[in-house]
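Letter by letter, the chains look like this.
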Amino acid sequence: MTRARVWLFDLDGTLVDTAPDLIGAINDMRVDRHLAPLPVAELRGEASNGARGLLRAGLQLEPEHADFASAREEFLQRYAARICEETRLFPHIPALLRDLEQRALRWGIVTNKPIALTRPLVAALDLRPAVLLGGDSALKPKPDPGLLWLACAHLGVNAHDCVYLGDAPRDIEAGRAAGMKTIACGWGYVEDGPDPADWGADLYAREIPDLNLLLA
């Protein structure tokens, strides 16, 4: 694992704690509909699931609902307006990225977040990944492996030279399907359900400092 030339990361819940702004956007929608804001703890587990998960949990809207499409557009507009008000890198992530760069290892971001939201967020956090892809950068989002293969093409590397890290089962499924090594991350928005150690990843990192041990 330490021989991986490229480290590719999921974004929300893996590199960055975006939950406060995502939840803020859905709670703004609730207030406008004369509903009380929901506690952050109640919605935090849906942060990795984007608009679909938050609209389901916050407004009981499923994709089949007649109002879902318009509500999704409203949510994305509200989130874009507050893209990095409270969002922060998880603790220890800056040190990890510096360590990768000092070792001449490239790193990138492959997320299901739309690229139009990903770019300004990454810029606001002053991140400089070697490759940056959003969920609409390929034909299908994760767990389809297409985004990860596209990242390899951009970087001129083979999948077996990469490791993919994520905080959701779809991340591990995508990485394995792409032919990459995978690391399940336990510090983000891991929901109640199967233990991340059971997702089928090559390694499980419960906390971010566990990743530093791979570079020691």
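Reference entry: report on the structure contained in this document. (Residues numbered from 1 in each chain as written. Predicted model: local features only at pLDDT ≥ 70, side-chain atom pairs only at ≥ 80, totals over all residues. Heavy atoms only, no water.)

**Points about the packing of aromatic side chains**
Counted by the stated rule, this structure contains four aromatic pairs. Pairing F75 with Y79 gives two aromatic rings, centres 6.4 Å apart and planes at 5 degrees, and the pair type is stacked. Residue F75 and its partner Y79 are both found in helix α4 (residues 68-81); the two are separated by four residues, about one turn of the helix. Residue classification places F75 among the buried positions, given a relative accessible area of 1%. (Phe/Tyr/Trp six-rings, centres within 6.5 Å; stacked < 30°, edge-to-face > 60°. Helix = DSSP H or I, 4+ residues; strand = E, 2+ residues; numbered from the N terminus. Buried < 20%, exposed > 50% of the residue type's maximum accessible area, 1.4 Å probe, protein only.)

**Considerations on the pattern of salt bridges**
Considering all chains together, one arrives at 14 salt bridges under this definition. Of the charged contacts in the structure, one is a salt bridge between R5 and D161, with a shortest N-O distance of 3.2 Å. Placement of the pair is R5 in the segment before β1 (6-9) and D161 in the loop between α7 (146-155) and β6 (162-166), with a sequence separation of 156 residues. Judged by its relative accessible area of 42%, R5 is partly exposed. Here D161 falls in the buried class, since its relative accessible area comes to 15%. Residues D28 and R82 are paired through a salt bridge, measuring 3.1 Å at the closest nitrogen-oxygen approach. One end of the pair, D28, is in helix α1 (residues 19-32); the other, R82, is in the loop between α4 and β3 (88-89), and 54 residues separate them in sequence. (Salt bridge = Lys/Arg side-chain N within 4 Å of Asp/Glu carboxyl O.)

**Side note on α7**
Every buried residue belonging to α7 is among G146, L147, L148, A151, C152 and L155, and all of these are buried. The inward-facing, buried residues of α7 abut β1, β4 (106-110), β5 (132-133), β6 and α8 (169-178). G156 sits one or two residues past α7 and shows a positive phi near 70 degrees. (Contact = heavy atoms within 4.5 Å.)

**Focus: the pairing of strand β7 (residues 181-185)**
A regular strand places its side chains on the two faces of the sheet in alternate fashion. For β7, a buried count of four out of five residues is recorded, marking the element as mostly surrounded by other parts of the structure. Here β6 pairs with β7 via four bridges, running parallel. Looking at β7, one finds that Y164 is bridged to T182. Considered for its hand, the β-α-β crossover made up of β6, α8 and β7 is right-handed. As judged from the three bridges shared by β7 and strand β8 (residues 203-205), these two strands associate in the parallel manner. From the neighbouring strand, C185 faces β8, where its bridge partner is A205. (Pairing = 2+ DSSP bridges. Right-handed = clockwise from strand over helix to strand, strands pointing away.)

**Here's the deal with the side chain of D17**
Mapped onto the elements, D17 comes out in strand β2 (residues 16-17). The class for D17 is buried, based on a relative accessible area of 17%. Looking at D17, its side chain comes within polar contact range of the main-chain nitrogen of A19, at 3.4 Å. Apart from residues lying up to four places away in sequence, D17 is in contact with R44, T87, R88, F90 and Y189. (Polar contact = N/O pair within 3.5 Å; in protein donor to acceptor, adjacent residues only side chain to side chain.)

**Focus on the sheet that holds β6**
The six strands are arranged β5-β4-β1-β6-β7-β8 in an open sheet whose pairing can be described as parallel. For this open sheet the edge positions go to β5 and β8, each flanked by a neighbour on one side alone. Examined bridge by bridge, β4 and β5 share two bridges and lie parallel to one another. Its bridge partner lying in β5, I109 is registered against L132. Sitting on the sheet, α8 touches β6 and β7, and the angle it makes with β7 is about 175 degrees. (Axes fitted to C-alpha atoms, helices over the stretch in contact; angles between N-to-C directions.)

**Details of helix α5 (residues 93-102)**
Note on helix geometry: an α-helix contains 3.6 residues per turn, so any two residues three or four positions apart are oriented the same way. Within α5, burial applies to I93, L96, L97, D99 and L100. End-on view of α5: buried residues confined to an arc of 160 degrees, all on one side of the axis. Looking at the buried residues of α5, the elements they touch are β1, β3, β4 and α9 (209-215). (Arc of directions from axis to C-beta.)

**Section: unusual backbone geometry**
Cis peptide bonds are those with omega within 30 degrees of zero, and the linkage from K142 to P143 qualifies with 20 degrees. Tracing the backbone through its elements, the reader meets P143 in the loop between β5 and α7. Look at H92: it is not a glycine, yet its phi comes out positive at around 80 degrees. Turning to its location among the elements, H92 is positioned in the loop between β3 and α5.

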